[in-house]
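# Observations on the three-dimensional arrangement
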Amino acid sequence: MDNLQNFHRTNYCGDLRLGDTGKTVSLCGWVQRQRDLGGLIFVDLRDRTGLIQLSFDDGTDQAVFEKASSLRSEYVIAATGTVRERESKTDKIATGAIEVYVTELRLLAKAETPPFEIVEHSKANDMLRLKYRYLDLRRPDMQKMIATRHKVTKIARDYFDEQGFYEIETPILTKSTPEGARDYLVPSRVHPGKFYALPQSPQQYKQLLMLSGFDRYMQIARCFRDEDLRADRQPEFTQIDLEMSFVNEDDVMDIQEGFLKRVFKEILDVDVQTPFQRMPWREAMDRFGSDKPDLRFGMEFADLTEAAKGHGFPVFDEAEYVVGFAAPGCASYTRKQIDALTEFVKRPQVGAKGLVWIRVEADAVKSSADKFYTPDEVRALADRCGAKAGDMVFILCGRKFRALTQLCALRLEVAQRLGLRDPKKFAPLWVVDFPMFEWDDETQRFYAMHHPFTSPKPEDVQYLRSDPGRVRANAYDFVCNGTELGGGSIRIHDQQLQAQIFECLGFTPEAAEEQFGFLMNAFRYGAPPHGGLAFGFDRLCSLFGGSDSIRDYIAFPKNNAGRDVMLDAPGYIDQSQLDELYLELRKPEE
């Protein structure tokens with residue numbers, strides 16, 4: 001096996017072009033493939049920038065030629081040679097007009113046949129890719145995704161530095177606090193019986209930094225939440241975390257829009273118009289059934305409750321709310337297609353009991369509820385949804401917000417089938433004026449919709465005790481294409497108001513002091529008005545890369561069960577380690 005003694009790489013494979021013809025270059029990388037044509041050998045050499053063809057012929061030194069003949073896929077090599085124009089050019093790769101005629105070849109490492117082919121758009125299943133993630137990351141599309149992540153990181157650091165932010169690290173080992181998702185806990189050896197928690201976010205630390213006078217803080221922060229996983233969720237994830245002093249909502253959103261505008265331009269070469277649209281939470285729910293509406297297409301909801309009730313149709317008459325939308329061009333849907341959508345809304349993930357439809361044609365309307373309505377009444381329902389000839393109206397009913405969220409799922413499904421969710425089109429907006437609290441029927445108490453440090457709207461403070469459900473928060477979420485990419489709020493900086501919020505959330509003064517006493521005490525020493533925001537960094541990268549899963553933009557992600565199948569983690573530990581931590585394991589109940 002050769003080594004790199006006295007060898008110095010001069011170029012990356014994908015950077016060479018026709019203008020480099022005649023140059024002597026030294027390259028390193030992996031063999032993508034080798035083609036031995038007898039007296040002529042071609043080797044495609046790959047590094048993170050792309051491919052370049054190496055060529056060997058009967059004029060090549062015999063030892064070099066024999067070594068080239070022995071190369072196989074994924075062998076690691078170094079080569080020196082002269083760039084020359086190719087006889088047979090290709091436009092499939094950026095270097096397709098040139099090749100390197102090799103004069104020196106070093107074999108640095110051999111490779112076994114990998115469990116899947118190292119090519120773009122691999123057909124290998126996800127579990128195999130995760131098990132051999134280090135091989136999966138060699139693939140060109142994965143390399144591009146990780147490069148995109150790096151670029152967004154650099155843009156963030158550069159932009160926020162220009163805006164006067166300090167990048168400050170906050171602790172990873174911290175204190176467990178209630179509210180939000182479950183914490184990951186870390187037992188302390190030196191403090192037996194006590195535990196650290198891994199941070200779900202640096203929320204309290206960044207507020208304390210504002211009390212410390214740093215004025216503007218940012219961090220590319222690692223966060224941890226022990227919760228059920230899905231395509232856009234991981235147990236450990238990254239946030240672009242931000243906090244600012246002496247600001248209001250407009251100040252925070254203006255700064256973030258500048259950052260997002262730059263990312264759109266530098267990553268996608270897309271010019272987005274600012275300021276972004278701002279939509280109150282209640283309007284978003286009423287019009288689209290979601291607090292993260294996808295505005296790339298229409299199909300807005302219409303409240304049909306008043307018009308639909310009172311006609312002897314018990315499904316509507318017994319419902320709190322009846323709501324529908326018009327799907328453009330869907331009047332041609334067959335019974336099979338309508339049945340498929342009905343089964344979609346009846347899935348447990350959606351939870352509707354059925355689907356009512358109206359087919360709108362130029363000279364007639366037809367509905368699955370025709371027996372309860374005259375044609376004019378059916379037409380009136382369709383008109384309320386803005387339906388035109390050729391459209392199909394879909395209607396659901398039930399408790400208001402349940403029906404809205406169910407219809408939102410259907411709206412997105414129909415849009416997907418119609419090809420309206422174009423990943424190259426972007427519809428950014430801010431959703432604002434969220435409810436301060438949300439009621440939980442199971443525990444019979446209010447919970448903070450965002451977190452307990454969010455400031456209420458000043459005009460709504462008067463309702464904290466008499467009608468907490470009416471209180472709106474100084475909170476805002478950044479949404480694009482139906483995905484929440486970031487969220488934040490103006491924080492409470494008044495000790496008495498913070499105590500009142502804890503009271504609304506069911507904390508006794510003693511419990512609030514135990515959990516958050518350090519923050520409450522800090523307020524006694526002069527807290528500036530402050531607010532901030534955190535972007536889901538992994539989600540942000542997946543948006544700009546056009547992927548549905550954040551896993552593609554994380555070098556070593558967990559699977560959907562929260563396992564690292566490459567390292568086989570989590571795993572068991574030795575009894576001696578448990579003894580050091582004074583821990584005993586108990587089998588879970590059957």
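The paragraphs below set out a description of the structure included in this document. A quick note: this is a predicted structure, and the numbers were derived from the prediction, not measured.

Attention shifts here to the sheet that holds strand β15 (residues 365-367). Read across the open sheet, the 5 strands follow the order β12-β13-β16-β14-β15; overall the sheet is antiparallel. Looking at the sheet topology across the chains shown, the edges are occupied by β12 (302-303) and β15. Two strands pair when backbone bridges link them, and strand β14 (residues 356-360) and strand β16 (residues 392-398) are joined in this way by 4 bridges, in the antiparallel orientation. Counted as the bridge partner of V356 is I395 from β16. Packing of helix α11 (residues 375-384) onto the sheet brings it into contact with β12, β14, β15 and β16, and relative to β14 it is tilted by some 95°. Here helix α12 (residues 400-418) sits on the sheet in contact with β13 (321-327) and β16, set at roughly 15° to β13.

Ranked by internal contacts, the top residues of the largest apolar core, which has 40 residues, are F160, I240, F259, F535 and L540. Residues F446, A448, F507 and A522 belong to the second largest nonpolar core, which totals 34 residues.

What follows deals with the packing of aromatic side chains. The full count for this structure, using the stated rule, is 26 aromatic pairs. The rings of Y159, F160, F165, F259, F276, W430, Y476, F478 and F535 are connected pair by pair, giving a single aromatic cluster. The ring of F401 carries the charged tip of K400 above its face, separated from the ring centre by 5.7 Å. The side chain of R470 reaches across the aromatic face of Y463, ending 3.9 Å from its centre.

Let us look at helix α14 (residues 509-523). Note that an α-helix has 3.6 residues per turn; residues three or four places apart therefore point the same way. In this model α14 runs just 16 Å from its N-terminal to its C-terminal C-alpha over 15 residues, more than 12% under the 21 Å that 1.5 Å per residue would give. The largest bend along α14 measures about 90° and falls at F516. A512, Q515, F516, G517, L519, M520, A522 and F523 are the residues of α14 that are buried. Looking at the buried residues of α14, the elements they touch are α5 (203-211) and α13 (495-504).

Further remarks concern the pairing of strand β2 (residues 41-47). Among the 7 residues that make up β2, 7 are buried, leaving the element largely enclosed by the rest of the structure. Side chains I41, V43, L45 and D47 project from β2 onto one buried face, and the interleaved F42, D44 and R46 project onto a second face that is buried too. Pairing geometry for strand β1 (residues 24-36) and β2, over 6 bridges, is antiparallel. Pairing of Q34 across the sheet is with V43, part of β2. Hairpin connection from β1 to β2: 4 residues lie between these consecutive antiparallel strands, with G38 at a positive phi of about 95°. Taken together, the 7 bridges between β2 and strand β3 (residues 50-56) define a ladder with antiparallel strand orientation. Considered in β3, the bridge of R46 is made with L51. Hairpin remark: β2 followed by β3, antiparallel, with 2 residues in the connecting loop.

The strand order across the open sheet built from 8 strands is β6-β9-β10-β22-β21-β20-β17-β11, with neighbouring strands paired in mixed fashion. Strand pairing shows two members of the sheet lacking a second neighbour, β6 (166-167) and β11 (277-280), which therefore form its edges. Sheet analysis places strand β17 (residues 428-432) next to strand β20 (residues 475-480), joined by 5 bridges and oriented antiparallel. Across the sheet, residue P428 finds its bridge partner in β20, namely C480. Along the sheet face, α5 touches β9 (216-224), β10 (236-245) and β22 (530-536) and points at about 25° away from the line of β10. Of the strands in this sheet, β11 and β17 touch helix α7 (residues 281-288), which is tilted by about 85° from β11.

A cluster of nonpolar residues, I172, L173 and Y196, forms a patch on the protein surface that exposes about 250 Å² of accessible area. You can see I172 is positioned in the loop between β6 and β7 (185-187).

Before going further, it helps to examine helix α4 (residues 140-162). Helix length check: α4 (23 residues) gives 33 Å between terminal C-alpha atoms against 33 Å at 1.5 Å per residue, within 8%. Taken together, the buried positions of α4 are D141, M142, M145, T148, R149, V152, T153, I155, A156, Y159 and F160. On its buried face, α4 is in contact with α2 (126-131), α3 (133-136), β9, β10, α6 (249-268) and α15 (537-545). Of the residues trailing α4, G164 is marked for its positive phi of about 90°.

Once that is clear, we can look at the packing of α4 against α6. Closest axis-to-axis distance for the α4/α6 pair is 10 Å, and the angle between their directions is 140°. Classified by the angle between their axes, α4 and α6 sit oblique to one another. Judged by the sense of rotation from one axis to the other, the crossing of α4 with α6 is right-handed. Residues T148, K151, V152, I155, A156, D158, Y159, F160 and E162 of α4 pack against I255, Q256, G258, F259, R262, V263, E266 and I267 of α6. When grouped by side-chain class, the residues that make up the contact of α4 with α6 number 9 nonpolar, 3 polar and 5 charged.

For the rest of this paragraph, the subject is the side chain of Q200. Relative to the helices and strands, Q200 resides in the loop between β8 (195-197) and α5. A distance of 2.6 Å separates polar atoms of two side chains, one belonging to Q200 and the other to D183.

Another aspect to go through is the environment of R399. Along the chain, R399 falls in the loop between β16 and α12. You can call R399 exposed: its relative accessible area is 62%. With 81 residues separating them along the chain, R399 and E318 place their C-alpha atoms 10.0 Å apart. Leave out the neighbours within four places in its chain, and R399 touches E320 and D441.

This part is about the pairing of β3. Among the 7 residues in β3, 5 count as buried, and that is most of the element. By the bridge criterion, 2 bridges tie β3 to strand β5 (residues 98-109) in an arrangement that is parallel. Paired with S55 across the two strands is Y101, which belongs to β5.

Rules used in this analysis
Residues numbered from 1 in each chain as written. Predicted model: local features only at pLDDT ≥ 70, side-chain atom pairs only at ≥ 80, totals over all residues. Heavy atoms only, no water. Pairing = 2+ DSSP bridges. Helix = DSSP H or I, 4+ residues; strand = E, 2+ residues; numbered from the N terminus. Contact = heavy atoms within 4.5 Å. Axes fitted to C-alpha atoms, helices over the stretch in contact; angles between N-to-C directions. Core = buried A, V, L, I, M, F, W, Y, C linked by side-chain atoms within 4.5 Å. Buried < 20%, exposed > 50% of the residue type's maximum accessible area, 1.4 Å probe, protein only. Phe/Tyr/Trp six-rings, centres within 6.5 Å; stacked < 30°, edge-to-face > 60°. Lys NZ or Arg CZ within 6 Å of the ring centre and 35° of its normal. Expected span 1.5 Å × (residues − 1). Bend = angle between axes of the 7 residues up to and from the residue. Patch = residues over 30% accessible without salt bridge, like charges linked within 9 Å, V, L, I, M, F, W, Y side chains within 5 Å. Areas by Shrake-Rupley, 256 points an atom, 1.4 Å probe, with all protein chains shown as cover. Salt bridge = Lys/Arg side-chain N within 4 Å of Asp/Glu carboxyl O. Parallel < 35°, antiparallel > 145°, perpendicular 65-115°, else oblique. Left-handed = near helix turned anticlockwise from the far one by under 90°. Nonpolar A, V, L, I, M, F, W, Y, C, P; charged D, E, K, R; others polar. Polar contact = N/O pair within 3.5 Å; in protein donor to acceptor, adjacent residues only side chain to side chain.

Honestly, that's just the spatial picture; any functional story needs more than this.
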